[in-house]
Each structure stands twice: as structure tokens, then as C-alpha cells.
Amino acid sequence: MQHRWDIFCKVIDNFGDIGVCWRLARQLTQEHRQVVRLWVDDLISFARIAPDLDPHHQRQVVQGVDIYQWHPAFAEVEPADVVIEAFACDLPEAYVTAMSQKTKPPVWINLEYLSAEPWVTQFHGLPSPHPRFPLTKTCFFPGFAPGTGGLLREKGLVVQRNAFDAAAEQAFLQRKKLPARKSGEIRISLFCYTGTPIEKLIQLLTQSPIPILLIVPQGETAENVAAFLKNEMSQSESLFSQGALTVQIIPFMEQTDYDQLLWSCDVNFVRGEDSFVRAQWAINPFVWNIYPQTDDAHWKKLDAFLDLYTINMPSEMAVAIRDMWHSWNGKYEMNHHIWMNFLRFCQSIKRHNKSWISQLLKQDDLATGLVQFVGNRL
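All values reported here derive from a predicted model rather than from experimental measurement.

Participant: Which parts of the structure should I look at to understand the overall build of the protein?
Facilitator: In terms of helices and strands, the protein carries 15 helices and 14 strands. A compact globule built from 378 residues should have a C-alpha radius of gyration of about 21 Å, and the protein, at 21 Å, falls within 12% of that. A principal-axis box enclosing the C-alpha atoms of the protein has dimensions of 70 × 45 × 40 Å. Residues counted as buried form 57% of the 378 residues belonging to the protein. Relative to all contacts within the protein whose residues are 6 or more apart in sequence, the contacts with residues 24 or more apart total 69%.

Spelled out as C-alpha cells, the structure:
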């Protein structure tokens, strides 16, 4: 059954929050035929991953989704049948009041951050009554295990990934004006937060015994890489080399193109939530830069995922992955041994990732889970 949905998103780390909300809004619209309004406070960041979006328009329709600029002074609107508060972003007070005045209150969902911690299954789906209004919000947790909300996964995504062969990769690289593969080359995508040991990684890559192509999106990370290699980036110069390393700076990509970039690379450094999940569907080995939290709570989340992800791995491979991830996130210094040991297991990691995906496919995807949850309540 078709329902009206409002999804509210505040852009915190530039791309993770809106990346998740944009994928979800499109999937609800295109696969489940729902009517979706997406309220976003930062259209400029949003436009970098959605090039069809005009950040200067207050309201527009892109790929079937009605997109609104979310202003602090929120105008009165009729609340939708389903309201998603993404990542505890706090709905406008006027909107909550309007929700409480409806004859039939909307289904109100707090879409939580992704976590592999064991407690998630206990809290997924729990109601949270509003302190003043006759409204109840439900906590909906994405996750990797039965009893959670699952992960974003479009219908055909795995089939498309499996069909992405050498010819498809070559066509993608040509379309995006990326260099063709060199013999024996390792191709790496790099997307990370500030604070990661980028200089150490670059140093290791320049000394590699194997040719390396490092693909980095424009922004602070790309500027740091160029500065370390003493290369002044300009509009016309996006490709430069030192030692075994060639660096390719690229514009931000639309999300389906970014998926194909992950499919094209031998190792993917990813960050936050959206690219982290997409790297798993990509099958190739990946290194996760988790969003750092002031109370160090991110370490529990990182290790909870590693515990789940490596549970059926040979111990040596699990140690190689754990060492790489811990050093990349700053627990201890990255070195030549850690990096080369990780590379040594790349083919084995890729085989493991196929089994990991088979396990994840046993769950409903996040959008389907939300539609089913809502259907039982409206």
C-alpha cells in the first residue's frame, strides 16, 4: 500500500547521514512506490553526491523524491503518514505539534546509527513515548544480524555487482576518465576523516614493491595527500606520482558511480556508515575509518563489527585485518609489516567477503523492513 513519508536529515559529517537518507528515499520511491519528502538542512553537501540537485532551490523533485530545504524557522506543513527522524536529528517543534493534532498519529521512527554491538537486537523496535504528546517513536536499528533492521540494499544490487566483469570495469573507467589498469597494479580508493595516518600510508605506498594507483575524492584528504607529496594541486592537475605511487584526484561521484568505483578497486578505504556498507556489497577488501567519538565509544563499535565479521576467519587473517583497522583508526602506529600483511590476505579476504554477503542476504534489506513495519501499523 502506498503511504506518504517524511524523512528528516541533518548533515553532520558531510556525506554519511545524507548518503544513507538519499539511498533510502530513492529506494522507497522507486522500488516500493511510496511518496517521499526528504527534508535536508545542507543542500550544498547533498549536491556533491546528487549532481541533479540544485542546492539553491528550496524545493525540487529529483529521481521521484520531493526534496525540501530544512530551515530552522520551519513552515507549517501537513505531517506525512510515516515520519523518519534520521540519526536522532530532532524534529521541528511545530512539526511534532502538528503530528499530535492528527486524528491518526503518524508512524514515527527514529532511524538509529548502524552498529554491530550485541545490545542492538534488544533495543531494535522498542517504543519511546513522547513526554507531552500522545505520540510514540520507535527506535529502528540497522544491523548485520537477525533481529535488527538490516542494511540498505537495492533490489538488483548483488546481481549488478556479480555482472561487473573486466569489460564493464573498463567501460566505467573510460566513462569516468580514470586511468586504465597497469599490469600488476593495485588500485585503492581512499575516503576517510581527518586524523587518520594519511602521511604514513602515503609513505608506505610510495615504497611499495608493486605499482599503486590511489584514487582520492576532492577535498581535505586530497589536499593533505598532495601537500605530503609536495604537489600543488590545480584545476588542471589531478594525476601525480612519486615512487611506486600514482595519485588520481577525482570529483565526488553520484552514488551509483561510487558503488562502481568500489567494485573497480582492489582495496577500499571507507568511512562512516554509507560507504562502509557499500564496501561490503563491493566484495573487495576494505578498511573502515569509524567516526570518532569523544568518549571513545567508537572503539566498542569497531571491535563489535570486527568480532562479527571475522568470526569464521582463520586467525592469521583476522589478526591482519584487526591490526590494519586498529592502526588506521589510531590505536597504534601503522607500519610496513601491518600493511603488507593485510595485502598478503587480499584474495582470501575477498573469498571471505562473498560468504559474508551470503550471510547478510538472509536478512530483509532496510527499506523493505521499514515498509513492512509501517504496513503493520497503518
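Participant: Where do I start with the packing of helix α12 (residues 315-328) against helix α13 (residues 336-344) in this structure?
Facilitator: Two quantities define a packed helix pair, namely the angle between the helix axes and the distance between the axes. Their axes nearest at 9 Å, the elements α12 and α13 cross at an angle of 135°. Classified by the angle their axes make, α12 and α13 are oblique. Here the hand of the crossing between α12 and α13 comes out left-handed. Touching Glu316, Ala320, Ile321, Asp323, Met324 and Ser327 of α12 are Ile338, Trp339, Asn341, Phe342 and Arg344, all from α13.

Participant: What is the right way to read the pattern of salt bridges from this model?
Facilitator: Pairing is possible between side chains that carry opposite charge, provided their charged atoms lie close to one another. Scanning the model with the defined rule gives 19 salt bridges in all. Residues glutamate 85 and lysine 137 are paired through a salt bridge, measuring 3.2 Å at the closest nitrogen-oxygen approach. Placement of glutamate 85 in strand β5 (residues 82-86) and of lysine 137 in strand β8 (residues 136-140) is noted, with a sequence separation of 52 residues between them. When the shortest N-O distance is used, the salt bridge between aspartate 259 and arginine 278 registers 3.0 Å. Of this pair, aspartate 259 sits in helix α9 (residues 255-264) while arginine 278 sits in helix α10 (residues 274-281), placing them 19 residues apart in sequence. In this pair, the class of aspartate 259 matches that of arginine 278, namely buried.

Participant: Help me understand the side chain of arginine 37, please; the structure alone is not making it clear to me.
Facilitator: Looking at the element boundaries, arginine 37 is found in strand β2 (residues 35-40). When its relative accessible area of 16% is taken as the criterion, arginine 37 is described as buried. When near neighbours in sequence (up to four residues on either side) are disregarded, arginine 37 contacts Trp5, Asp6, Ile7, Asp66, Tyr68, Val77, Glu78, Pro79 and Ala80.

Participant: Just checking my understanding: could you explain the nonpolar core for this structure?
Facilitator: Leu38, Phe46, Phe269, Phe305 and Trp325 are the most contacted members of the largest nonpolar core, which has 116 residues in total. Residues contacting leucine 38, with those up to four places away along its chain left out, are Ile7, Ile18, Cys21, Trp22, Ala25, Phe46, Val65, Asp66, Ile67 and Tyr68. With 15 residues, the next largest nonpolar core counts Trp70, Leu91, Tyr95 and Val96 among its residues.

Participant: How should the sheet that holds strand β9 (residues 186-190) be read in this particular structure?
Facilitator: Backbone-to-backbone hydrogen bonds pair the strands of a sheet. The strands run either parallel or antiparallel. Pairing in this open sheet of 6 strands is mixed, and the strands run β11-β12-β10-β9-β13-β14 from one edge to the other. The sheet is open, and its two edges are formed by β11 (239-242) and β14 (286-289), each paired on a single side. Averaged over all pairs of adjacent strands, the angle between their axes in this sheet comes to 15°, without regard to strand direction. Relative to strand β13 (residues 267-271), β9 runs parallel, the two sharing 3 bridges. Of the residues in β13, the one forming a bridge with leucine 190 is phenylalanine 269. Sheet strands in contact with α12 are β9, β13 and β14, and its direction is about 35° off that of β14.

Participant: Just to check I follow, could you spell out the sheet that holds strand β3 (residues 59-62) for this structure?
Facilitator: Judged by pairing direction, the sheet is mixed, and its 8 strands sit side by side in the order β3-β4-β2-β1-β5-β6-β8-β7 without closing on themselves. Pairing within the sheet leaves two strands with one partner each, and these edge strands are β3 and β7 (127-129). Recorded for the sheet is a direction-independent mean angle of 25° between the axes of neighbouring strands. Each of β1 (4-9), β5, β6 (107-111) and β8 touches helix α15 (residues 366-375); the most contacted strand, β6, lies at about 150° to it.

Each value, and the rule that gives it
Residues numbered from 1 in each chain as written. Predicted model: local features only at pLDDT ≥ 70, side-chain atom pairs only at ≥ 80, totals over all residues. Heavy atoms only, no water. Helix = DSSP H or I, 4+ residues; strand = E, 2+ residues; numbered from the N terminus. Rg over C-alpha atoms; globule rule 2.2 N^0.38 Å. Buried < 20%, exposed > 50% of the residue type's maximum accessible area, 1.4 Å probe, protein only. Contact = heavy atoms within 4.5 Å. Axes fitted to C-alpha atoms, helices over the stretch in contact; angles between N-to-C directions. Parallel < 35°, antiparallel > 145°, perpendicular 65-115°, else oblique. Left-handed = near helix turned anticlockwise from the far one by under 90°. Salt bridge = Lys/Arg side-chain N within 4 Å of Asp/Glu carboxyl O. Core = buried A, V, L, I, M, F, W, Y, C linked by side-chain atoms within 4.5 Å. Pairing = 2+ DSSP bridges.

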